Amino acid sequence: LAKTTQPISMDSYEGQEVNITCSHNNIATNDYITWYQQFPSQGPRFIIQGYKTKVTNEVASLFIPADRKSSTLSLPRVSLSDTAVYYCLVGERGTGANNLFFGTGTRLTVIP
Amino acid sequence: DTAVSQTPKYLVTQMGNDKSIKCEQNLGHDTMYWYKQDSKKFLKIMFSYNNKELIINETVPNRFSPKSPDKAHLNLHINSLELGDSAVYFCASSQVGLQEKLFFGSGTQLSVL
């Protein structure tokens, strides 16, 4: 299983762009990178998934460099409601959730 | 209309008791899971189940058993509860071929006294 490393916590002011970087040095050729968001007292929620370069959806953008050894989740203009834990996962697509490992995540606190 | 729902939300019980947590999904997914999130917030998969295969995380005690009456339901039975079983248990589901996109329930906070 490809191990991921993320910062334990981050603080940001409302309205700022937040970038959370995840390291996955031993990512395999067939692995995809997936990010989840977990609010207090709720289950994790899928945010975005990518393989290389850049992926954007209505919630976030995911930047993946050519070597794919890291990825950056970018949240534009955060609000207080973006306060949550963000998890980076790496695993081969279609092989099952048993091959996905939720690490410690990054606790993002948005400050007014 | 909740996609993955689990009940109860909170469960407080004594050591040694047997309890169940129910989970239902209305997404038409083929695979369902149970996860455990401990006090340190580590989220670990316990079981994955579809109509063909049950995969058990080898670290899960056999006091825990999933039961699936049909494709939309996966209940978790726990026998002889221990203090260390206190945690938040999440049910999740996904569709075949997109297992990385998990849909989670809101969790059941189990407290064993």
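Just so we're clear, the structure is a prediction, and the values are computed from it rather than from any experiment.

*Asks:* I'd like a rundown of the pairing of strand β9 (residues 87–94) of chain B, residues and numbers included.
*Replies:* All names here are of chain B. Across the eight residues that make up β9, a large majority, eight, are buried. With burial as the criterion, each face of β9 is covered, one bearing A87, Y89, C91 and S93 and the other bearing V88, F90, A92 and S94. With seven bridges joining them, strand β4 (residues 31–37) and β9 adopt antiparallel strand pairing. Paired with M32 across the strands is S93, a residue of β9. In the sheet, β9 pairs with strand β11 (residues 108–112) via three bridges, with the strands oriented antiparallel. Within β11, the residue paired with Y89 across the bridge is T108. Note that β9 and strand β10 (residues 103–104) share two bridges and pair antiparallel. The partner of A92 across the bridge, within β10, is F104.

*Asks:* Now, about the interface of chain B and chain A: what can you tell me, with residues and values included?
*Replies:* Listed by partner, the interface residues are 20 residues for chain B and 22 residues for chain A. Here chain B packs against chain A, burying approximately 1700 Å² in sum over the two surfaces, 57% of which is carbon and sulfur. Here chain B is connected to chain A by zero salt bridges. Here chain B and chain A share seven residue pairs in polar contact (both at pLDDT 80 or more) between them. Broken down by secondary-structure element, the contributors of at least two residues to the side of chain B that touches chain A are β4 and β5 (43–49) of chain B. Among the residues making up the side of chain B that touches chain A, the classes are represented as ten nonpolar, six polar and four charged.

*Asks:* I'd love a proper account of the packing of aromatic side chains, names of residues and values included.
*Replies:* As enumerated under the stated definition, the model contains eleven aromatic pairs over all chains in all. Arranged with centres 5.9 Å apart and planes meeting at 85°, the rings of Y36 of chain A and F46 of chain A form a pair that is edge-to-face. Placement of the pair is Y36 of chain A in strand β3 (residues 31–38) and F46 of chain A in strand β4 (residues 45–50), with a sequence separation of ten residues. With centroids separated by 5.9 Å and ring planes inclined at 85°, the aromatic side chains of F102 of chain A and Y35 of chain B adopt a geometry described as edge-to-face. One end of the pair, F102 of chain A, is in the loop between β8 (84–92) and β9 (106–111); the other, Y35 of chain B, is in strand β4, on a second chain. With respect to burial, F102 of chain A and Y35 of chain B carry one shared label: buried. The ring centre of Y51 of chain A lies 3.9 Å from the NZ or CZ of R68 of chain A, which sits over that ring.

Scoring rules and cut-offs
Residues numbered from 1 in each chain as written. Chains lettered and ligands numbered in written order. Predicted model: local features only at pLDDT ≥ 70, side-chain atom pairs only at ≥ 80, totals over all residues. Heavy atoms only, no water. Buried < 20%, exposed > 50% of the residue type's maximum accessible area, 1.4 Å probe, protein only. Helix = DSSP H or I, 4+ residues; strand = E, 2+ residues; numbered from the N terminus. Pairing = 2+ DSSP bridges. Contact = heavy atoms within 4.5 Å. Buried area = accessible area lost by both parts, 1.4 Å probe. Salt bridge = Lys/Arg side-chain N within 4 Å of Asp/Glu carboxyl O. Polar contact = N/O pair within 3.5 Å; in protein donor to acceptor, adjacent residues only side chain to side chain. Nonpolar A, V, L, I, M, F, W, Y, C, P; charged D, E, K, R; others polar. Phe/Tyr/Trp six-rings, centres within 6.5 Å; stacked < 30°, edge-to-face > 60°. Lys NZ or Arg CZ within 6 Å of the ring centre and 35° of its normal.

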